[in-house]
Amino acid sequence: MRKSKIKSISYAKWGYIFILPFFLVYAVFSLYPMLTTFYYSFFENYNQGLTTVGPNFVGLNNYINLFKPNEGVFELLVYTKNTMIMWLLGAVPQFVFSLLLAVIFTSVRLKIKGQRFFKTVIYMPNLIMAAAYSMLFYVMFSEVGPVGMLCKTLISEDFVVFQSVGASRGVIAFINFLMWFGNTTIMLMAGIMGIDQSLFEAASIDGASGTQVFFKITLPLLSPIFVYVAITSLIGGLQMYDVPQIIGGTDGVPNRSTRTLIMWLNNVVTGKAKDYGKGGAISVLIFIITGVLSFIVYKNMVKEDKTLKASRRRKKNDLL
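This one's a predicted model, so the numbers in the text were calculated from it and none came from an experiment.

A. Representation of the pattern of salt bridges within the structure. Enumeration according to the criterion identifies one salt bridge in this entry. When the shortest N-O distance is used, the salt bridge between Lys152 and Glu143 registers 3.6 Å. For Glu143, a relative accessible area of 43% translates into the label partly exposed.

So this is what it looks like as C-alpha cells:
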C-alpha cells in the first residue's frame, strides 16, 4: 500500500516576493545614487569657465579642502550651527505641544468630543506644500506685509523682520513647527493608545494623580515612539531646504544666518563651478553628521532596563 505524500505549502516565499519591489526601487533610486555620490567624492569634477575639469581621481583632497582653516571648515561649522539652531527652535516647542495634545486627546478622564475633527484639523498643515507655506509667511512678515507693518509699529520704525537674524530664524522655525506638529501629535497619540489601558485603571484605583500617571506610566512607555519621532525630526531638520531658501534666499540673508547645509550643498553643485566632487564630499559629511547626531539622541533617550542589564551581566559571567 502506497503512502500518500502530503505536499506542504510554504507561504514564507510570498512574503519575500511581496517586499521585493520595495528593495528593487530602493536599490535603483536610493542605494545606487548614494554609492555613486560616495565614489565621485574622491574625484575632481567642476567647471572652469566653459571648460569642464575632470573627472580626475584626487583621493581625499575634496575632504581635506573642506577642513582647511578659514575655508571649508568655516562654512561647514557656520551652516551646521544655522541648521541646528533653526531645527531646535522649531522641534522643542513641537515636541512639548504635540505631547500635551496627545495626552489631552487620549485622556479617558476628559473624554473630548469631536476627536476626529480635531485630528484632521491639526494634521492639515502637513498636507500643504512647504513652498506655499513659506511664500505666505514671507508676504505676511515682509516690510510691507501686515505682520511686518505691525512689528514696525510695536518695535521700531526701522525694524525689518528679515533683516534681523533672530526674527528670520524664528519665522523659519515657526513655519516648521506649524507644518509638523500635527504629524508628531498623531504619532504620539498612536503610541499612547498602544499602552495597556489596565495600567491607567490600576493607577487610578491606587489614587495616582494625573501628573504621576504621566511621568511614571505614559512617558516611560511612550519612549520608543518618542525616540523615533525625535530621530526622524532630526534627520528632516538637517535636510532643511525649501523653507529657509524662500525666506532667506540663496545667500541666507541676513549675513548667511539662514543658510543651511543642504542650501550650501545645492549652491556648490548648481552654482557656476558645478563642483560635483566637492558636493559629493559635503553629502558624505552630512550623512556622517546625521548618523552621529542620531546615535547621540538614541543613546541619551533610550535607557536600558536595569533588570535586563543585570540578566545580561549574569549570562556573560556564566559564559566566562
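Still to come is the rest of the account.
B. Inspection of helix H12 (residues 276–301) at higher detail. Spanning 26 residues, H12 covers 37 Å between terminal C-alpha atoms, matching the ideal 38 Å at 1.5 Å per step. Its buried side turned inward, H12 meets helix H1 (12–40), strand E1 (43–48), helix H2 (61–66), helix H3 (72–105), helix H9 (210–238) and helix H11 (261–270). Near the N-terminus of H12, the side chain that reaches the backbone nitrogen of Gly277, with its oxygen 3.4 Å away, is that of Asp275.

C. Inspection of the packing of H11 against H12 at higher detail. For the pair H11 and H12, the least separation of the axes is 8 Å and the interaxial angle reads 165 degrees. It follows from the interaxial angle that H11 and H12 lie roughly antiparallel. The two elements H11 and H12 meet at a crossing, and its hand is left-handed. Here Leu261, Ile262, Trp264, Leu265, Val268 and Val269 of H11 come into contact with H12, specifically with Tyr276, Lys278, Gly279, Ile282, Ser283 and Ile286. Residue composition of the contact of H11 with H12, by class: nine nonpolar, two polar and one charged.

Thresholds, definitions, all that
- Residues numbered from 1 in each chain as written.
- Predicted model: local features only at pLDDT ≥ 70, side-chain atom pairs only at ≥ 80, totals over all residues.
- Heavy atoms only, no water.
- Salt bridge = Lys/Arg side-chain N within 4 Å of Asp/Glu carboxyl O.
- Buried < 20%, exposed > 50% of the residue type's maximum accessible area, 1.4 Å probe, protein only.
- Helix = DSSP H or I, 4+ residues; strand = E, 2+ residues; numbered from the N terminus.
- Expected span 1.5 Å × (residues − 1).
- Contact = heavy atoms within 4.5 Å.
- Polar contact = N/O pair within 3.5 Å; in protein donor to acceptor, adjacent residues only side chain to side chain.
- Axes fitted to C-alpha atoms, helices over the stretch in contact; angles between N-to-C directions.
- Parallel < 35°, antiparallel > 145°, perpendicular 65-115°, else oblique.
- Left-handed = near helix turned anticlockwise from the far one by under 90°.
- Nonpolar A, V, L, I, M, F, W, Y, C, P; charged D, E, K, R; others polar.

Purely geometric stuff here, so don't read any function into it on its own.
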